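Understanding the architecture of this molecule
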Amino acid sequence: MVNRILIRIKVIQLLYSYLLTQNDISVEQARKQLHDSLDKSYELYHALLVMMIDLTRMQEMNIDYARNKYLPTDEELNPNMRFVDNEFIKSLVENEDLNKYLKENPISWKDDVYMHLLLSKITESDIYNEYMSRPDTDYRIDTEFWREILKKIIIDNDDFAEFLETKSLYWNADLDIINTFVLKTMRRWAEGQEHKLLPMYKDKEDEQFADKLFDDVVKNQDKYNSLIDKFVNTDSWDADRIAFMDRVILLTALSEVMNFPKIPTSVTLNEYIELAKQYSTNRSGVFVNGILDAIIKHLKKEKLIVKE
C-alpha cells in the first residue's frame, strides 16, 4: 500500500528538512522519522476504514435512542435499517486483516464530536436519501454507497482536513493519496475479489526503497549537486537561486536514476516533474524537466547508466 509515489514524497520531505537544517539530527534519527511517517500513512489507511464502521455504530445508537425514548413516533419505532445493516460495513467488522492491525494499533473515532457533525452531513445528503429509498440493495451497491460518501462528503471537505490535523500532523498531508488506496480496496471487494487489505509494502524491494534512496542522497549529495550545477543553463537560471525544494527533488531523482536499474528513466523523469509541480514553484516542473532530462542524456552518453 505504501507505494513508491508515497515513498518519494516522504523522502523528499525529510531530505528538505534534513539538508536545510545542516544535518542537525543524525542519519539514524532521520531514518527513524522517515519510517514513523510511513507507519502513520498506513495507520491512516486503516483509520479511514474504521471511521466508516464507527459512523455506522453511531447511527445505530441514534436509532436505538429514538426507539426507546418517551412517546416515539411510528417511524422511530420502525426505522429504515439499511444504513446500519450495510453489508460492506459488516464485512469490514469481520475482516481478519483489519482486526489483526487494530489489535496491535487501536483506532476509534466514536468519542470525537466532529464525527457527530459528519454523520449529520451524511444522513442529510442526497447520496444517503437515494440509497435509503432504493427498492433493494446488494453488496456491490452497499460498497458503492460508502465509496460515494467517502469521495464526496468526507474527503472533499475542508472541515475534515482541519479535523485530521488534530489527530496527526502526518495524516492531513497524506489524505489524498491514502484515500485512493482505500477506494481501491473497496472497488476490489465490490468486484468480488478476496477481502484482503493492502499490505504495507508490495515486496522487500519496496520496503528497502525509502532507506536506500534517502541514504544515497545524503552520502552523494555533493556529487549530485555538481551535476545539477553543471547543467543549469546560466542564461535562464542562476545556480545560486534555484529553489531549495527544486534542488532536493533533483538530488532525489538523480539518486533514483543512478541506483535503481529496474526503474526506467522515463518513469523517474515523469514522477519527479509531477512532484516538482505539486510541491515547489510554478516554474519548477519545466525547470526539473529540462535539467533532469539533460543530465540523464549525459549519463547515458557517458555510459554511466545503462537502462531505458
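Here goes a summary of the coordinates provided.

So, how was this worked out
Residues numbered from 1 in each chain as written. Predicted model: local features only at pLDDT ≥ 70, side-chain atom pairs only at ≥ 80, totals over all residues. Heavy atoms only, no water. Helix = DSSP H or I, 4+ residues; strand = E, 2+ residues; numbered from the N terminus. Buried < 20%, exposed > 50% of the residue type's maximum accessible area, 1.4 Å probe, protein only. Contact = heavy atoms within 4.5 Å. Salt bridge = Lys/Arg side-chain N within 4 Å of Asp/Glu carboxyl O. Core = buried A, V, L, I, M, F, W, Y, C linked by side-chain atoms within 4.5 Å. 1 Å grid on protein atoms, 1.4 Å probe; cavity = no way out; pocket = protein on both sides within 12 Å on 5 of 7 lines; lining within 4 Å. Points joined across faces, edges and corners; volume = space filled by probe spheres on them. Nonpolar A, V, L, I, M, F, W, Y, C, P; charged D, E, K, R; others polar. Phe/Tyr/Trp six-rings, centres within 6.5 Å; stacked < 30°, edge-to-face > 60°. Lys NZ or Arg CZ within 6 Å of the ring centre and 35° of its normal. Arc of directions from axis to C-beta.

1. Considering the overall build of the chain
- Assigned secondary structure in the chain consists of 14 helices and zero strands.
- The helix and strand sequence of the chain, counted from the amino end, reads α-α-α-α-α-α-α-α-α-α-α-α-α-α.
- Taken over the C-alpha atoms alone, the chain extends approximately 80 × 35 × 35 Å along its principal axes.
- Looking at the chain as a whole, 47% of its 308 residues qualify as buried.
- Once local pairs closer than 6 in sequence are excluded, the contacts in the chain between residues at least 24 apart make up 78%.

2. Considering unusual backbone geometry
- The backbone phi angle of Leu71 is positive, close to 55 degrees, even though this residue is not glycine.
- When you line up the elements, Leu71 lands in the loop between α2 (27-68) and α3 (74-77).
- Residue Leu71 is classed as exposed on the basis of its relative accessible area of 63%.

3. Comments concerning the pattern of salt bridges
- Inspection of every chain in the model, using the stated rule, returns 21 salt bridges.
- A salt bridge links Arg4 to Asp206; the nearest nitrogen and oxygen atoms lie 2.5 Å apart. Residue Arg4 is found in helix α1 (residues 4-20), and its partner Asp206 is found in helix α11 (residues 204-231); the two are separated by 202 residues along the sequence. Each of the two residues, Arg4 as well as Asp206, counts as buried.
- Across the pair Glu205 and Lys262 runs a salt bridge whose closest N-O atoms are separated by 3.5 Å.

4. Topic: the nonpolar core
- Counting 101 residues, the largest nonpolar core has Leu55, Trp109, Trp146 and Phe160 as the members making the most contacts within it.
- Examining the composition of this core, we find that 16 residues originate from one element, α2, more than from any other.
- Not counting chain neighbours up to four residues away, the residues in contact with Trp146 comprise Met52, Leu55, Thr56, Phe83, Asn86, Phe88, Ile89, Ile122 and Met186.

5. Description of the layout of surface pockets
- In this structure, the largest pocket spans a volume of roughly 270 Å³.
- Contributing to the lining of the largest pocket are Gln59, Asn62, Ile63, Ala66, Thr73, Glu75, Glu76, Asn78, Pro79, Asn80, Tyr128 and Met132.
- Elements supplying a minimum of two residues to the lining of the largest pocket: α2, α3 and α7 (126-132).
- Class assignment for the residues of the lining of the largest pocket results in five nonpolar, five polar and two charged.
- Its boundaries defined by the atoms lining it, the second largest pocket holds a volume of some 200 Å³.

6. Side note on the environment of Gly290
- Relative to the assigned elements, Gly290 resides in helix α14 (residues 284-301).
- Looking at Gly290, the relative accessible area reads 39%, which means it is partly exposed.
- C-alpha separation for the pair Gly290 and Phe181, spaced 109 residues apart in sequence, amounts to 32 Å.

7. Here we look at the packing of aromatic side chains
- Counted according to the given criterion, the structure contains 16 aromatic pairs.
- Judged by centre distance (5.8 Å) and plane angle (85 degrees), the rings of Tyr42 and Tyr101 are edge-to-face. In this pair, Tyr42 is assigned in helix α2 and Tyr101 in helix α5 (residues 96-104), connecting sequence segments 59 residues apart.
- On the accessibility criterion, Tyr42 (13% relative accessible area) is buried.
- Connected via pairs of aromatic rings, a cluster forms that spans Phe83, Tyr128, Tyr131, Phe145 and Trp146.
- It is Arg4 that lies over the ring of Phe209; its NZ or CZ is 4.6 Å from the centre.
- When the ring centre of Tyr131 is taken as reference, the NZ or CZ atom of Arg82 above it lies at 5.9 Å.

8. Concerning the environment of Asp159
- Tracing the sequence through the fold places Asp159 in helix α9 (residues 158-167).
- Accessibility expressed as a relative area gives 41% for Asp159, which makes it partly exposed.
- Placed 41 residues apart in sequence, Asp159 and Leu118 show a C-alpha to C-alpha distance of 9.4 Å.

9. Examining the environment of Val306
- Structurally, Val306 can be placed in the segment after α14.
- For the pair formed by Val306 and Leu164, sequence separation is 142 residues and the distance between their alpha carbons is 44 Å.

10. A short note on helix α6 (residues 113-123)
- Within α6, the full set of buried residues consists of Tyr114, Met115, Leu118, Leu119 and Ile122. The arc that holds every buried residue of α6, seen down its axis, measures 140 degrees, which confines them to one face. Pointing more than 90 degrees away from the buried face of α6 are the exposed residues Val113 and Leu117.
- Looking at the buried side of α6, the elements it contacts are α2, α7, α8 (139-155) and α9.

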